[in-house]
Amino acid sequence: MARIDHLVVGAASLEEGVAWCEATLGVAPGPGGEHPLMGTHNRLLRVATVDFPRAYLEIIAVQPERAAQRARRWFDLDDEALRDRLRRDGPRLLHFVASVPDVQAAVRSLRALDIDRGEVVAASRMTPRGLLQWQITVRPDGQRLFDGVLPTLIEWGETHPAAAMAESGVTLRSLGASHPQVARLRAACEAIGLDALALAGGAPRLRAVLDTPRGRVTLDS
């Protein structure tokens, strides 16, 4: 039911995120857009493979001088400790998003496990090909769950953004996660039908392995 949709790399500024991408992955990210609802903007990089057919990497940052229309932005981007870390240590893997065919049903499945993935919010942004629309889970407090290793859920409209992305030379080889509550995390993944995330016990961590022009690169949260 659920597929790994995109990796989320947070940055203190979009310019820093672009420089990080070029230095770390050996390529410049493609164009992205603005999210007026959240006061953020992004750049995107296709990382799809046969195993992850529509996967991409999103570099996201708070947009200067743009107020969010919600009390809290997604992906913990209003958390001061996280923002200090991004300013101090630079861009890093924060989270990932999983696509589902019915986001309301997936939310109910998690709620049955007493996991509140948040309300389903309609969002959109303008692209050169027209309006891109989706529904996404966002908690009122903006928090990621399980320290960022349980995905945000998304249901795309008629168009998926990867369809317009050029091949980047970067591909996603694997995505794994560890967490002290691995049994509960595994139950949550099973509830939404996500079987592509390799799970283990241990300290909270999300790990993405990418093949790039610079060789194999591992990103840790």
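Residues numbered from 1 in each chain as written. Predicted model: local features only at pLDDT ≥ 70, side-chain atom pairs only at ≥ 80, totals over all residues. Heavy atoms only, no water.

> Explanation requested: the overall build of the protein in the structure shown.
The helix and strand tally for the protein stands at four helices and twelve strands. Relative to its length of 221 residues, the protein is compact, with a C-alpha radius of gyration of 16 Å against a globular reference of 17 Å. A fraction of 65% describes how many contacts in the protein between residues 6 or more apart in sequence connect residues 24 or more apart. Here the protein carries 27 positive and 27 negative side-chain charges, and the mean point of each set is 2 Å from the other. (Helix = DSSP H or I, 4+ residues; strand = E, 2+ residues; numbered from the N terminus. Rg over C-alpha atoms; globule rule 2.2 N^0.38 Å. Contact = heavy atoms within 4.5 Å. Lys, Arg positive; Asp, Glu negative; His and termini not counted. Charge placed at Lys NZ, Arg CZ, Asp CG, Glu CD.)

> Can you help me understand the sheet that holds strand E6 (residues 119–127) in this one?
Through backbone hydrogen bonds, the strands of a sheet pair up, either in parallel or in antiparallel fashion. An order of E2-E3-E4-E1-E5-E8-E7-E6 is seen for the eight strands of this open sheet, with the pairing classed as mixed. Looking at which strands have only one partner, the edges of the open sheet turn out to be strand E2 (30–35) and E6. Taken pair by pair, the neighbouring strands of this sheet meet at an average axis angle of 30°, ignoring direction. As judged from the three bridges shared by strand E7 (residues 130–138) and strand E8 (residues 152–156), these two strands associate in the antiparallel manner. Across the sheet, residue Ile136 finds its bridge partner in E8, namely Ile154. Strands strand E1 (3–10), strand E4 (56–62) and strand E5 (92–99) of the sheet are contacted by helix H2 (residues 80–89), whose axis makes an angle of about 120° with E5. (Pairing = 2+ DSSP bridges. Axes fitted to C-alpha atoms, helices over the stretch in contact; angles between N-to-C directions.)

> Sorry, what's going on with the pattern of salt bridges here?
Where charged atoms from two side chains of opposite charge come close, those side chains can pair. In this structure the tally under the stated criterion is 14 salt bridges. A salt bridge links Arg46 to Glu167; the nearest nitrogen and oxygen atoms lie 3.2 Å apart. Of this pair, Arg46 sits in strand E3 (residues 40–46) while Glu167 sits in the loop between E8 and strand E9 (171–178), placing them 121 residues apart in sequence. On the basis of relative accessible area, Arg46 is assigned to the buried category, the value being 17%. (Salt bridge = Lys/Arg side-chain N within 4 Å of Asp/Glu carboxyl O. Buried < 20%, exposed > 50% of the residue type's maximum accessible area, 1.4 Å probe, protein only.)

> Whenever I open this one, helix H4 (residues 182–192) confuses me. Can you help?
An α-helical turn contains 3.6 residues, so a residue and the one three or four places further along point in the same direction. Of the residues making up H4, those classed as buried are Val182, Leu185, Ala188, Cys189 and Ile192. Along the axis of H4, the buried residues cluster in a sector spanning 120°; they form a single face. The exposed residues of H4 that point more than 90 degrees off its buried face are Ala183 and Glu190. Here the buried face of H4 lies against helix H3 (103–111), E8 and strand E10 (198–200). (Arc of directions from axis to C-beta.)

> Just to check I follow, could you spell out the packing of aromatic side chains for this structure?
Each aromatic ring pair is summarised here by two numbers: the centre-to-centre distance and the angle between the ring planes. Applying the stated criterion to the full structure yields two aromatic pairs. Residues Trp74 and Phe75 carry aromatic rings whose centres are separated by 5.4 Å and whose planes lie at 15° to one another, so their mutual orientation is stacked. Like Trp74, the residue Phe75 is buried in the burial classification. Aromatic side chains Trp134 and Trp156 sit 5.4 Å apart centroid to centroid with 55° between the ring planes, which places their arrangement in the tilted category. On the criterion of sequence distance, the pair formed by Trp134 in strand E7 and Trp156 in strand E8 is long-range, its members being 22 residues apart. What makes Trp134 buried here is its relative accessible area of 6%. Exposure remark for Trp156: the relative accessible area of 14% places this residue in the buried category. (Phe/Tyr/Trp six-rings, centres within 6.5 Å; stacked < 30°, edge-to-face > 60°.)

> How should I be thinking about the sheet that holds strand E11 (residues 205–212) in this particular structure?
If you walk across this open sheet you meet the four strands as E10-E9-E11-E12, and the pairing is mixed. Each end of this open sheet is capped by a strand with a single partner; those strands are E10 and strand E12 (215–220). Neighbour-to-neighbour, the strand axes of this sheet turn through a mean angle of 20°, independent of strand direction. Here E9 pairs with E11 via seven bridges, running antiparallel. Residue Gly176 lies in a different strand from E11, and its bridge partner there is Arg207.

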